[in-house]
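# Structure assessment
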Amino acid sequence: MGTQETPGGDNRSRELPAEVQGPPPVEPAEPAAPEGDEQRHDQEERASQSGRQRLAKGLWPPRVTRPQLIVALLLFVLGLGLAIQVRSNNDSSALRGARQEDLVRILDELDDRTQRLEGEKQRLEDQRTGLENSSDQAEEARKQTVEKERQLGILAGTVAAQGPGITLTIDDKKGSVEADMLLDAIQELRAAGAEAIQINDVRVVANTYLSDTDSGGVRVDGRAVGKPYRFKVIGKPQDLEPALNIPGGVVQTLEKEQATVTVTRAEKIVVDALRAAKRPDYARSSSQ
């Protein structure tokens, strides 16, 4: 340290006081939250928890009252009715999607079937009238019996038949035609009014069955029929041919299998393949 002389010659030294350190700086403290805000926050949290608990208790377990059960039952019945209505509408969707000419053709077929049934009804009524008015009822009954036997013989395949109809030829070179496809053709022809059907040299009757062979062919009543399959059908040609050519019908299905299908109308079709009359083992006429 340096000395400093004072006036008057006083050489006494005078030391400066030591540097005094000040107190450490005090950091500013964060303001404390008011006591009222903490209490309010705790109350809100407890209120929210109790609200969720009340909601959970209100939802589970469910409490079903009688009015609620009645409403649920009514809604179920209403839904079931709507489902049935939608299903019935879907069942007729095939006709809705058909073209106008297809609908007209289907309607014509229904009219023709109705006319055939009306004609059969009229014929039976005429037979009854003839029996009632004939002077020789025994002779009239015999004639009608002979006529009925002839008709039943045609249906049973025991007698030959001829008349207008069509010839359906299916040339299956790929071997893709199966028995169920030929059966569909038979069913379609019967529905269109076919009275006698013959496939190649086999007569088709009520109990005819078809099956596939191991070599890719078809058997009719257990007899293998060769290709091409030729149907001779007696009936009204104006009904038989359109029934086979409807969209999605027999002809289109066979052509999808790469088979060649030909339908030819004719004024005279001869069905001469016969079946032996077989006496039933158990069935007997109820009039005996």
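Below you will find a few notes about this structure. Model, not experiment: these values are computed from the prediction.

### Some remarks on the sheet that holds strand β5 (residues 218-220)
Strands sit in the order β4-β5-β6 across an open sheet of 3 strands; the sheet is antiparallel. Edge positions in the open sheet fall to β4 (210-212) and β6 (223-225), since each of these has one partner strand only. Sheet twist, expressed as the average angle between the axes of neighbouring strands with direction ignored, equals 40°. Where β4 meets β5, 3 bridges bridge the pair, whose relative direction is antiparallel. Bridged to L210 within β5 is V220. Lying over the sheet, helix α6 (residues 179-191) contacts β4 and β5, oriented at roughly 160° with respect to β4.

### Section: the environment of E241
Along the polypeptide, E241 turns up in helix α7 (residues 237-244). Sequence separation of E241 and T167 is 74 residues, and the distance between their C-alpha atoms is 9.4 Å. Ignoring anything within four residues of it in the chain, the contact list for E241 reads V263 and R265.

### Observations concerning the sheet that holds strand β8 (residues 260-271)
Backbone-to-backbone hydrogen bonds pair the strands of a sheet. The strands run either parallel or antiparallel. A sheet is described by the order of its strands in space; here 5 strands give the open sequence β3-β2-β7-β1-β8, paired in antiparallel fashion. Looking at strand neighbours, the two that pair on one side only are β3 (202-204) and β8, the edges of this open sheet. In this sheet, neighbouring strand axes are inclined to one another by 20° on average, regardless of whether the strands run parallel or antiparallel. Inspection of the sheet shows strand β2 (residues 196-199) paired to β3 by 3 bridges, in the antiparallel sense. Paired with I199 across the bridge in β3 is V202. Seen against the sheet, α6 touches β1 (161-171), β2, β3 and β7 (229-234) and runs at an angle of roughly 10° to β7.

### Considering the pattern of salt bridges
Scanning the entire structure with this criterion turns up 7 salt bridges. Taking the shortest distance from any N to any O, the salt bridge between E147 and R150 comes out at 2.6 Å. Residue E147 and its partner R150 are located together in helix α5 (residues 137-156), separated by 3 residues, close to a single helical turn. Classification of E147 by relative accessible area gives partly exposed; the value is 30%. For the salt bridge of R223 with D201, the shortest nitrogen-to-oxygen distance reads 3.5 Å. Of this pair, R223 sits in strand β6 while D201 is found in the loop between β2 and β3, placing the two residues 22 residues apart along the sequence. With relative accessibility at 46%, the residue D201 sits in the partly exposed group.

How each quantity is defined
Residues numbered from 1 in each chain as written. Predicted model: local features only at pLDDT ≥ 70, side-chain atom pairs only at ≥ 80, totals over all residues. Heavy atoms only, no water. Pairing = 2+ DSSP bridges. Helix = DSSP H or I, 4+ residues; strand = E, 2+ residues; numbered from the N terminus. Axes fitted to C-alpha atoms, helices over the stretch in contact; angles between N-to-C directions. Contact = heavy atoms within 4.5 Å. Salt bridge = Lys/Arg side-chain N within 4 Å of Asp/Glu carboxyl O. Buried < 20%, exposed > 50% of the residue type's maximum accessible area, 1.4 Å probe, protein only.

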